Amino acid sequence: MTLKQLENLIEIDQDVTDDAYGTYYDKRTIEQLLNYGLIILDKPPGPTSHETVAWTKRLLKLPKIGHSGTLDPQVSGVLPLGLGEATKALGVLLYGPKEYHALGRVHSLPSKEKLNEIIEMFRGEIFQKPPQRSAVVRQTRTRTIYEFELIEQKERLLLTRILCEAGTYIRKLYYDIGEILGPGATMIELRRTRVDQFYERDGLVTLHELANAFALWEEKKDASRLMQMIKPVEYALSELKSVIIRDSAVDAMCHGAQLAIPGILKISPNLKKGDIVGIYTQKGEAVALAESTMSEEEIRDATKGYAFQTQRIIMAPNTYPKKWRTKPTPPKD
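Cut-offs used in this document
Residues numbered from 1 in each chain as written. Predicted model: local features only at pLDDT ≥ 70, side-chain atom pairs only at ≥ 80, totals over all residues. Heavy atoms only, no water. Helix = DSSP H or I, 4+ residues; strand = E, 2+ residues; numbered from the N terminus. Buried < 20%, exposed > 50% of the residue type's maximum accessible area, 1.4 Å probe, protein only. Contact = heavy atoms within 4.5 Å. Areas by Shrake-Rupley, 256 points an atom, 1.4 Å probe, with all protein chains shown as cover. Lys, Arg positive; Asp, Glu negative; His and termini not counted. Charge placed at Lys NZ, Arg CZ, Asp CG, Glu CD. Axes fitted to C-alpha atoms, helices over the stretch in contact; angles between N-to-C directions. Parallel < 35°, antiparallel > 145°, perpendicular 65-115°, else oblique. Left-handed = near helix turned anticlockwise from the far one by under 90°. Nonpolar A, V, L, I, M, F, W, Y, C, P; charged D, E, K, R; others polar. Expected span 1.5 Å × (residues − 1). Arc of directions from axis to C-beta.

(A) Region of the structure containing the overall build of the protein chain. Broken down by element type, the protein chain carries eight helices and 17 strands. Judged by the C-alpha coordinates and their principal axes, the protein chain covers about 80 × 55 × 50 Å. Taken over 333 residues, the protein chain has a buried fraction of 48%. Contacts spanning at least 24 positions in sequence make up 70% of the contacts within the protein chain whose residues lie at least 6 apart. Element-wise, carbon and sulfur atoms account for 49% of the exposed surface of the protein chain, whose accessible area totals about 17,400 Å². Side chains of the protein chain give 46 positive and 44 negative charges; the mean places of these two sets differ by 5 Å.

(B) Structural view of the packing of helix H3 (residues 112–121) against helix H4 (residues 170–181). Interhelical geometry of H3 versus H4 gives an angle of 125 degrees and a closest axis separation of 11 Å. Viewed along their axes, H3 and H4 adopt a mutual orientation that is oblique. For the pair H3 and H4, the crossing hand works out as right-handed. Each of Lys-114, Leu-115, Ile-118 and Met-121 in H3 lies in contact with H4, whose residues at this interface are Ile-177, Ile-180 and Leu-181. Counted by class, the contact of H3 with H4 contains six nonpolar, no polar and one charged residues.

(C) Layout of unusual backbone geometry. Not every positive phi belongs to a glycine, and Glu-155 is a case in point at roughly 55 degrees. Here Glu-155 is to be found in the loop between strand S7 (141–154) and strand S8 (157–164). For Asn-270, which is not glycine, the phi torsion reads 60 degrees and is therefore positive. Positionally, Asn-270 belongs in the loop between strand S14 (264–267) and strand S15 (276–280).

(D) Seen up close, the environment of Val-233. Structurally, the position occupied by Val-233 is in the loop between strand S11 (231–232) and strand S12 (241–245). Sequence separation between Val-233 and Leu-38 is 195 residues; the distance between their C-alpha atoms is 5.5 Å. Apart from residues lying up to four places away in sequence, Val-233 is in contact with Arg-28, Tyr-36, Gly-37, Leu-38, Ala-86, Ala-89 and Ala-286.

(E) Main features of helix H2 (residues 49–60). In this model H2 runs 16 Å from its N-terminal to its C-terminal C-alpha over 12 residues, within 8% of the 16 Å that 1.5 Å per residue would give. What H2 keeps buried is the set Ser-49, Thr-52, Val-53, Thr-56 and Leu-60. Down the axis, H2 shows its buried residues gathered within 100 degrees of arc, on one side only. Summarising the geometry of H2, the exposed residues directed more than 90 degrees from the buried face are His-50 and Arg-58. Downstream of H2 by one or two residues, Lys-61 has phi in the positive range, about 55 degrees.

Shown next, in the form of structure tokens:
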């Protein structure tokens, strides 16, 4: 099985990988997945996102778990969690599109035609001021509503689906619809059904399922159910362009070195200067996130120089052997 983002890459050079170091991304043990894995959690209504993460840390007995994209306490649905080192990759999900299914009540009884006319007004770029109870500064900003549809209307109850830019307040969207209608509108219930490339329909993990699977592994050494619930961290990077590097370049990057032309083996086609990319070993392991400082054509023609500026290291240092030299310390007088 090959990662989607590592298919059809352009070959710059060839090399072999040493199987004594690292692990093929889809061959990790459960212990490795608990440090380089993702759980696409079905957050229940009630707890905050922070409380949900704290519960998951206690369930899995892990010191470090992070989440991507805060959900309000009463909102349920898709909440990607990064385990251990995988927390460093979650940032790429913060800016992707989000999908919600919202149940609301309008305080009048408009026709379906009138509602569809108003909904049409909210498609595309809109101005929105965050509500008073929000975690951000209350300044009017623009957000894009990619899709907005009325799924069902039962008298004054509306069920809608909204695909929108990150940072859109759905409760405020309902409030604004009510302002146009006149008597007002209120959101009753909200569920997030998509975060970037992760969809509710692909299967979510509940806290109860996670607790049962972890207990099965801990008590009976059966990790089969737990392994089905944890995805490799690389799945979070599937929408980014990619770079594959030599084994000899891996540990240098993990210690802060920038990626130079001689370390590159393959790149995504149509790579442009300024693109954010995922950098991988030949085994498909995520090493880092970086910004390209050269285009595809420049990388192909160059023989030296730095092609990428590291943004975030994902892999722990010393996973691969050190094959880089440090400058000798000059003798003291």
